[in-house]
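# Report on the structure
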Amino acid sequence: MMRICFAALALLTLMFLTLPTARTQSALSPAKLEAFTADELAQLAGLGPWPEPIVRDPSNRFSGQPAAIALGEKLFNAPELSGPGTMSCASCHNKTLAFAEARPTGFGVKPLSRNTPSLMNLAGARWFGWDGGADSLWAATLRPLLDADEMASTPAIIARYLKQQPEAQLLGALDRSGLSTADDLPLAVNAAKLIAAYVETLRSPPSAFDRFRDQMLSASDARRPVPETGPSLSMSAQRGLKVFLSNQCTACHNGPRLSNGEFHDIGIGFFLPRVADQPPRVDPGRHAGLQRLAQDPFTRLSNFSDAPDRQRDGLATRTVTREHRNFGEWKTPSLRNLRLTAPYMHNGTKATLRDVVRHYSRFDEERVHADGEAILKPLYLSNQQIDDLVAFLESL
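Note that the structure is a prediction, hence the values are computed from the model and not measured.

## Quick notes on the nonpolar core
In terms of nonpolar packing, the biggest core is built from 46 residues, with L75, F76, L81, L162, L194, I195 and V199 touching the most fellow members. Those elements giving two or more residues to this core turn out to be α4 (66-76), α6 (137-146), α7 (155-163), α8 (166-171) and α9 (185-199). Tallying contributions element by element places α9 first for this core, with eleven residues. Not counting residues up to four positions away in its chain, the partners in contact with L162 are L75, A168, A173, L174, L187, A191 and L194. In this structure, A237, L241, V243 and L389 belong to the second largest nonpolar core, which totals 34 residues.

Rendered as structure tokens:
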């Protein structure tokens, strides 16, 4: 009889120790909760809270203005801004797909070579686009408007439509920002800034993961209110979260956005599809983006910026350097809204999240650029771990 009591006591002790704290027992059911180490809880704390506050962009005088945001949304959906008059920003950035699109690569007036990125959660970022070729959201907005392969517009076309909007005059969007030019380029820049003011407001709602993170931190901190509900993540998703944390995925996918906003070579090919009899073409990624940034007349350092101190606001632009190792590097995407933004990678070559996880599981180190970084190593995940990691990623 005594042996049975000791066995029962040992079992109860084990169940208690697998929880973050004693308070968790009243908040999260032990039968539905994975055990997280102190290191994992620390990493978990760094992935929030969400949503982040929206920070105004000092280089965009329309940033944060309700009337400007409303006009920006109108311009975002206006096909009149494009050269052919048949496509808008919304044509490729589908609201129901987290402002991305379902095809592997984009299609403007001509086929494009890169996947259409989501426009969610961009406010406050430092670099924009897969290659980081823009240092502001408004500059990143202006480029596809004027690009001959994308929307194929001109400053005159954009200015003409902007002048037709009564709100534009009231907002000061028809002035030329003190620039000594009579052409329509400053008005086109203002239109891009209005659209950017709208895009800044696109925010993902809290996810099942965010609720779980808050539950775990509340249960492990006596100063936080105890949640009354059980875990918001399935056991599979919780195990996937542990795979994510234990394999140091947060080295690149960190912070509330689950992205460090920087650039990495993850072994995805940079050769572009062959065109007729032309020689092979490559997309150099960040290497080309930095070259474009250096030549861009619309950076935070330019006279088009509204920042009171352009040198300070454009410090990153002024000091960044292009190195050989940047060849084949791509911006680390946010992991939020992943269920809506397939296919994946800069060239849309991974159709599903399972394909993405398998890439990291059997990562070919020989594909990384010789001068690149050695952060990634194959994870060699089991089929169960792959299933669990996909379940976690879907919770985001």
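## Description of the confidence of the model for the protein
For the protein, the mean per-residue pLDDT works out to 88, and 86% of the residues sit at or above 70. Low pLDDT, under 50, characterises residues 222-226; the predicted model gives this stretch nine contacts beyond four residues in sequence or across chains.

## So, the side chain of S361
Mapped onto the elements, S361 comes out in helix α15 (residues 353-361). Judged by relative accessible area, which is 2%, S361 ranks as buried. Those residues within four positions of S361 in sequence are excluded, and the remaining contacts are P378, L379, Y380 and L381.

## Description of the state of the cysteines
Going through the model one piece at a time under the given rule, you end up with zero disulfides. The structure places no disulfide on C89, whose sulfur is separated from the nearest cysteine sulfur, that of C92, by 8.9 Å. This cysteine, C249, is not joined by any disulfide, and C252 carries the nearest cysteine sulfur, 8.9 Å off.

## Quick word on the packing of aromatic side chains
The full count for this structure, using the stated rule, is eight aromatic pairs. Between F244 and F392 the ring centres are 5.1 Å apart and the planes differ by 50°, which places this aromatic pair in the tilted class. Note that F244 is positioned in helix α11 (residues 235-246) and F392 in helix α16 (residues 383-394), a separation of 148 residues in sequence. What links up through ring pairs into an aromatic cluster is the set F76, F99 and Y198. Above the ring of F128, the side-chain terminus of K331 is found at 5.5 Å from the ring centroid. Against the face of W50 rests R336, its NZ or CZ located 4.0 Å from the ring centre.

## Details of the packing of helix α3 (residues 38-45) against α11
Orientation of α3 relative to α11, taken along the N-to-C sense of each, is 90°, at an axis distance of 10 Å. Between α3 and α11, the angle falls in the class roughly perpendicular. Within the contact between the two elements, α3 uses E40, Q43 and L44 and α11 uses L241, K242, L245 and S246. Here the residues of the contact of α3 with α11 are counted per class, giving three nonpolar, two polar and two charged.

## Focus: the pattern of salt bridges
A full pass over the atoms with the stated rule returns 22 salt bridges. Here D57 and R300 are joined by a salt bridge, their closest N and O atoms 2.9 Å apart. Pair noted here: D57 is in the loop between α3 and α4 and R300 is in the loop between α12 (286-295) and α13 (310-313), with a separation of 243 residues, a long-range link. Here D57 and R300 have matching classes, each one buried. D210 is the salt-bridge partner of R336, the closest N and O atoms lying 2.9 Å from each other. Of the two residues, R336 sits in the loop between β4 (330-331) and α15 while D210 sits in helix α10 (residues 208-219), which places them 126 residues apart along the sequence. Residues joined in a network through salt bridges with shared partners are R61, D175, K193 and D306.

## Re α11
Every α-helical turn comprises 3.6 residues, leaving residues that sit three or four positions apart pointing alike. In this model α11 runs 16 Å from its N-terminal to its C-terminal C-alpha over twelve residues, within 8% of the 16 Å that 1.5 Å per residue would give. Along α11, the residues classified as buried are A237, Q238, G240, L241, K242, V243, F244 and L245. Where α11 is buried, its residues meet α3, α10 and α16. Positive phi appears at Q248, one or two residues downstream of α11, with a value of about 60°.

What counts as what
- Residues numbered from 1 in each chain as written.
- Predicted model: local features only at pLDDT ≥ 70, side-chain atom pairs only at ≥ 80, totals over all residues.
- Heavy atoms only, no water.
- Core = buried A, V, L, I, M, F, W, Y, C linked by side-chain atoms within 4.5 Å.
- Buried < 20%, exposed > 50% of the residue type's maximum accessible area, 1.4 Å probe, protein only.
- Helix = DSSP H or I, 4+ residues; strand = E, 2+ residues; numbered from the N terminus.
- Contact = heavy atoms within 4.5 Å.
- pLDDT = per-residue confidence, 0-100.
- Disulfide = S-S within 2.5 Å.
- Phe/Tyr/Trp six-rings, centres within 6.5 Å; stacked < 30°, edge-to-face > 60°.
- Lys NZ or Arg CZ within 6 Å of the ring centre and 35° of its normal.
- Axes fitted to C-alpha atoms, helices over the stretch in contact; angles between N-to-C directions.
- Parallel < 35°, antiparallel > 145°, perpendicular 65-115°, else oblique.
- Nonpolar A, V, L, I, M, F, W, Y, C, P; charged D, E, K, R; others polar.
- Salt bridge = Lys/Arg side-chain N within 4 Å of Asp/Glu carboxyl O.
- Expected span 1.5 Å × (residues − 1).

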